[in-house]
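A structural walkthrough
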Amino acid sequence: MTRRFQQMQAEERVALAAMRLQSMSLPAIGSALGRSPGTLSRELSRNSTAGQYASRTAQAAYQARRNRARPIRKLDPNGPAWPLVAHMLGWLWSPQQIAHTLRSMWPDRPELHV
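A brief look at the structure comes next.

Conventions we followed
- Residues numbered from 1 in each chain as written.
- Predicted model: local features only at pLDDT ≥ 70, side-chain atom pairs only at ≥ 80, totals over all residues.
- Heavy atoms only, no water.
- Core = buried A, V, L, I, M, F, W, Y, C linked by side-chain atoms within 4.5 Å.
- Buried < 20%, exposed > 50% of the residue type's maximum accessible area, 1.4 Å probe, protein only.
- Helix = DSSP H or I, 4+ residues; strand = E, 2+ residues; numbered from the N terminus.
- Contact = heavy atoms within 4.5 Å.
- Axes fitted to C-alpha atoms, helices over the stretch in contact; angles between N-to-C directions.
- Parallel < 35°, antiparallel > 145°, perpendicular 65-115°, else oblique.
- Nonpolar A, V, L, I, M, F, W, Y, C, P; charged D, E, K, R; others polar.

**Considering the nonpolar core**
Looking at soluble globular proteins, one finds that nonpolar side chains tend to be buried together. Counting residues in each nonpolar core, the largest one holds 10 residues, listed as Met8, Leu16, Ala17, Met19, Ile29, Leu33, Leu40, Leu44, Tyr53 and Ala58. Sorting the residues of this core by element identifies helix H1 (10–21), helix H2 (26–33) and helix H3 (37–47) as the ones contributing at least two each. Of all the elements, H1 adds the most residues to this core, at three residues. Excluding residues within four positions of it along the chain, leucine 44 makes contact with Leu16, Arg20, Leu26 and Tyr53.

Shown next, in the form of structure tokens:
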């Protein structure tokens, strides 16, 4: 059976940093954490600064990369189209009707199209 990849958790990053301070090898750390040594090597090379690995900094960098990778919401609850879309949904309009109406209301503002 193949294992699915899961992102490293904050607790694993803390354990990795502690084990690296104890000068443990990557295969030994990998077996302790249930991770491939290659995964740990990539984690260390991606998140080490000046040859040092800090779990808190690594976790912050991971979160920043993850947030940058996410697409921007088309329909933001604080955005200008939200009340209008909610109102149209109250009229039991279909999503296609709402999308067509928003496109016709704001043809030159694609950020308001859903």
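The structure having been displayed, the exposition proceeds.
**Comments concerning the packing of H1 against H3**
The description of two packed helices rests on the angle between their axes and on the distance between the axes. Put simply, H1 and H3 touch, their axes get as near as 12 Å, and they point 85 degrees apart. Our classification of the angle between H1 and H3 gives roughly perpendicular. Contacts between H1 and H3 involve Arg13, Leu16 and Arg20 on the former and, on the latter, Leu40, Glu43 and Leu44. Per-class residue counts for the contact of H1 with H3 are three nonpolar, no polar and three charged.

Keep in mind these values describe shape, not function.
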